[in-house]
Amino acid sequence: MSTRILPAVGDADAARSLTTLIGQLPDTEPMAPVTDSTQLVDTLSRLAAESLDELPEVVVVHERIGPVPALELIREVALRFPAVGVVLVTSDASPGLFQAAMDHGARGLAALPLSYEELASRVQAVAQWSAGVRRHLGAGADPVSGAGGTVVTVSGAKGGVGATLTAVQLALAAQTSGRATALVDMDLQTGDVASYLDVQFRRSVVDLAAINDISPRVLADAVFRHDSGLALLLAPAEGERGEEVTDRAARHIVGALRSRYEVVVVDCGAQLGGAGAAAVEMADRALLVTTPDVIAVRGAKRAVRMWDRLQIRKAEETTVVVNRHTRSTEIQPPLIARITGTAVAATTVPAHFKELQGVVDAGRVHELEAKSTVKQAMWALAGELGLVRAAQTGHKGGRLRGDRGAVSFRRRRDGTG
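These numbers were taken from a predicted model, which means no experiment stands behind them.

### Some thoughts on the overall build of the chain
Step number 1: Each helix and strand counted, the chain has 14 helices and 15 strands in total.
Step number 2: Of the contacts made within the chain by residues no fewer than 6 positions apart, 75% connect residues no fewer than 24 positions apart.
Step number 3: When the accessible surface of the chain is split by element, carbon and sulfur atoms take 48% of a total near 18,700 Å².

### Some points on helix H3 (residues 70-80)
Step number 1: The element H3 is extensively covered by neighbouring structure, given that 8 of its 11 residues are classed as buried.
Step number 2: Within the span of H3, buried status applies to Ala-70, Glu-72, Leu-73, Ile-74, Arg-75, Glu-76, Val-77 and Arg-80.
Step number 3: Tucked inside the fold, the buried residues of H3 contact helix H2 (37-50), strand S3 (58-62), strand S4 (85-90), helix H4 (95-103), helix H9 (247-260) and helix H10 (274-282).

### What to know about the pairing of strand S10 (residues 263-269)
Step number 1: For S10, the buried fraction is high: 7 of the 7 residues fall into the buried class.
Step number 2: Side chains of S10 alternate between two faces, with Val-263, Val-265, Asp-267 and Gly-269 and Val-264, Val-266 and Cys-268 buried alike.
Step number 3: In this structure, strand S6 (residues 150-156) lies alongside S10, joined through 6 bridges in parallel fashion. If you follow Thr-150 over to S10, its bridge partner there is Val-263.
Step number 4: Across 5 bridges, strand S7 (residues 181-185) lies against S10 in parallel orientation. Looking across to S10, one finds that Leu-183 is bridged to Val-265.

### As for the pairing of S3
Step number 1: Across the 5 residues of S3, 5 count as buried, placing the element largely inside the fold.
Step number 2: Residues Val-58, Val-60 and His-62 of S3 are buried on one face, and the alternating residues Val-59 and Val-61, pointing to the opposite face, are buried as well.
Step number 3: By the bridge criterion, 4 bridges tie strand S1 (residues 3-8) to S3 in an arrangement that is parallel. Counted as the bridge partner of Pro-7 is Val-60 from S3.
Step number 4: Of the pairings in the sheet, the one linking S3 to S4 comprises 5 bridges and is parallel in character. By the bridge assignment, His-62 is partnered in S4 with Val-89.
Step number 5: Note on the crossover from S3 through H3 to S4: the handedness is right-handed.

### Description of empty space enclosed by the protein
Step number 1: Under the counting rule described, the total for this entry stands at 1 cavity of 30 Å³ or more.
Step number 2: What the largest cavity holds in volume is close to 40 Å³.
Step number 3: In this structure, the largest cavity is lined by Glu-72, Arg-75, Glu-76, Leu-79, Arg-251, His-252, Gly-255 and Met-282.
Step number 4: Elements supplying a minimum of two residues to the lining of the largest cavity: H3 and H9.
Step number 5: Counting residues per element, the lining of the largest cavity draws most heavily on H3, at 4 residues.

### Describing the sheet that holds strand S8 (residues 224-225)
Step number 1: Reading across the sheet, the 8 strands line up as S8-S9-S7-S10-S6-S11-S12-S13 and stay open at both edges, with mixed pairing between neighbours. Edge positions in the sheet fall to S8 and strand S13 (343-344), since each of these pairs with one other strand and no more.
Step number 2: Along the sheet face, helix H11 (residues 294-309) touches S6, strand S11 (285-290) and strand S12 (318-322) and points at about 150° away from the line of S11.

### A closer look at the pattern of salt bridges
Step number 1: Tallied over the entire structure, the rule returns 15 salt bridges.
Step number 2: Note that Glu-244 is salt-bridged to Arg-241, the shortest N-O span being 3.0 Å.
Step number 3: Residue Glu-244 is classed as partly exposed on the basis of its relative accessible area of 40%.
Step number 4: Taking relative accessible area as the criterion, Arg-241 reaches 32% and is therefore assigned partly exposed.
Step number 5: Salt bridges linked by common partners bring Glu-76, Arg-80, Arg-258 and Asp-284 together as one network.

### Focus on the sheet that holds S4
Step number 1: Across the sheet, which stays open at both edges, the 5 strands sit in the order S2-S1-S3-S4-S5 with parallel pairing between neighbours. Each edge of the sheet is formed by a strand with only one pairing partner; in this case those strands are strand S2 (28-30) and strand S5 (108-111). Geometrically, the sheet is characterised by an average inter-axis angle of 25° between neighbouring strands, direction not taken into account.
Step number 2: Helix-sheet contacts for H2 involve S1 and S3, and the interaxial angle to S1 is about 150°.

Rules of the game
Residues numbered from 1 in each chain as written. Predicted model: local features only at pLDDT ≥ 70, side-chain atom pairs only at ≥ 80, totals over all residues. Heavy atoms only, no water. Helix = DSSP H or I, 4+ residues; strand = E, 2+ residues; numbered from the N terminus. Contact = heavy atoms within 4.5 Å. Areas by Shrake-Rupley, 256 points an atom, 1.4 Å probe, with all protein chains shown as cover. Buried < 20%, exposed > 50% of the residue type's maximum accessible area, 1.4 Å probe, protein only. Pairing = 2+ DSSP bridges. Right-handed = clockwise from strand over helix to strand, strands pointing away. 1 Å grid on protein atoms, 1.4 Å probe; cavity = no way out; pocket = protein on both sides within 12 Å on 5 of 7 lines; lining within 4 Å. Points joined across faces, edges and corners; volume = space filled by probe spheres on them. Axes fitted to C-alpha atoms, helices over the stretch in contact; angles between N-to-C directions. Salt bridge = Lys/Arg side-chain N within 4 Å of Asp/Glu carboxyl O.

Right under this line is the structure:
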C-alpha cells in the first residue's frame, strides 16, 4: 500500500522541488500541494468528512507556509487530525527548533536543502506511526472524537447588533440537543457573556494565555460550568488584561476546546484583535451579525473586506446573520448578500426586543421563554448551521427536546424544519 503525502508549501518553486523528490520515494503517492495554512486545513477537513482512510498518512509542512506560522499550523493539524503525521521542513535544524516542533505535534523534522535519504527516512517513520494510529482508531474509536469539534465564531458588524445574544443562544441550542458545548467570550475588553448568564467567576481566558500545553485538567480548571450545562470560558473582568491573549494563545485555546467539546461557540465581538482574528481563521463557520440598517450593513461590508485583505476569511466563507429583521424594512437579506458578497443565513431573527428585555436586564438570558419568537429563530439558526443533534428534533413542529416543554423551530419557507 502506498503512502500518501500532502506537501504544504507556499513557494511554487519549492513546491515543485518537494513534489518531485517525494515522487522518487518508494511506495509513495504525492498529492497536489496546498499553498497556505487555510487550504491545508480545508483539504484535510474535506477528506476527514469522507472517511479516515481518505486522509494522507503524512503532511510535509514547509517552514515558510503562511499566513499561520508553521508551528502553529502543525499544532492545529495534530489536534484536529490525530491520525495524520506531520514532517516539518526547515533550514533551522537546531535542537531548540526540533524540540519546539515535537512539542507542537510534529512527528519528524527534515533539514533544508532536502536530501533523498533524510526525507525517505523521515517519511517512512512517520507513515509507520500513522498506520499504527489508524489501526488503533479502526478498533472502534471515532477517528475525530476529541479532536474534531465544530468551531463557530460570532462577530458583530458593529457594536449593539446582537452578536453576544446570538452566540449564547446558539450555544444553548447545541447543549440542549445533547452536544457537549463550550461558549468562549473572546470579546476580551468588553465581553458580556458573564453578565448575560448571571455568572460570578474567578478564572478567565487570560489564565490559559501563557500555557503552551493546555491539558484537559488545566482546561477544566479554567472553565466555568453553567447551570445550563454550558462550559464557559469568559473574558477577563479587567479589560486591559485582554492584551495578554495573543493570536498564538487564542489558537492554542480554541484548539484545546475543539479537542474536548463537540461544539465550540466563540463570541468575537465587534472589534477585531489578534485573538479574535485567529479564532475566525480557525473556525468551521464564521458568522457576522448585522441589523438591516445602512450603518450596520456598511460595517458588515467593511469587516468582510478587512478579513479578506488580512487573509483571515474569504467573503464566500462567511455567513451573515440578519438580526432585528422586519418585512417592512427597505434592506432585506438578498440586498445584504449582494452588498457584502457573502452568504446570508436563511433564518432571520425578528425585531422583538420586548421579549428579551426582562431576561437581559436580569442577566438570565438562558431562561428566555420557549414561546419567544427571537429564541425560536435563533435555535432554528442553530439547526440550519448543523449545531444541534439531529436525533433530538422530533416531527411535531420540529421541536427540540429538553427545553422545558420544548422549543419549536420556525419552519423555513421551503417547508422544512
